[in-house]
Amino acid sequence: MGSREQRLRTNSEIDPAYVTNQTKRLEKMELLARVTSREDARFLQMSLTQKARSEITKLSIKRQALNSTMLGGLDEESLHYLNKRLTSIAKNCELASQKLSIGLL
């Protein structure tokens with residue numbers, strides 16, 4: 001099962017030419033399979049290749065190891081608190097950036 005390229009273009013609000021270029025690039029890297037739709041030849045069906053799935057699995061394992069190393073010793077409550085503080089800092093940074101751009105800071 002794959003996704004239609006047109007649906008990806010529409011739902012992602014990304015320039016259609018960019019989607020086409022990137023999907024062709026991923027296809028050349030053997031990470032994405034693009035096949036003309038059987039129902040409508042104007043559409044392409046896209047799906048991840050086995051190579052892509054394998055790479056995603058490897059990256060997922062690496063990410064879990066990194067998270068365990070970086071966040072080791074923090075319980076759920078501590079992580080929740082940390083996420084709330086980081087979210088607050090991110091919002092404050094956005095506000096500061098907006099104020100800077102209009103000369104209020």
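These remarks concern the structure in this document. Remember, it's a predicted structure, so these values are computed and weren't measured experimentally.

What follows is about the overall build of the protein. Regarding its fold elements, the protein presents four helices and three strands. Each helix (α) and strand (β) of the protein, taken in turn from the N terminus, gives the series β-α-α-β-β-α-α. Rg of the C-alpha trace for the protein: 21 Å, well past the compact-globule value of 13 Å for 105 residues, more than 25% over. For the protein, the spread of C-alpha atoms along the three principal axes comes to 55 × 40 × 20 Å. Looking at the protein as a whole, 11% of its 105 residues are labelled buried. Summarising the internal contacts of the protein: among those between residues at least 6 apart in sequence, 29% fall at separations of at least 24.

Attention shifts here to helix α4 (residues 76-101). Taking 1.5 Å as the rise per residue, α4 with 26 residues should run 38 Å; its terminal C-alpha atoms sit 37 Å apart, in good agreement. The first or second residue beyond α4 is Gly 103, which carries a positive phi of 80°.

Conventions we followed
Residues numbered from 1 in each chain as written. Predicted model: local features only at pLDDT ≥ 70, side-chain atom pairs only at ≥ 80, totals over all residues. Heavy atoms only, no water. Helix = DSSP H or I, 4+ residues; strand = E, 2+ residues; numbered from the N terminus. Rg over C-alpha atoms; globule rule 2.2 N^0.38 Å. Buried < 20%, exposed > 50% of the residue type's maximum accessible area, 1.4 Å probe, protein only. Contact = heavy atoms within 4.5 Å. Expected span 1.5 Å × (residues − 1).

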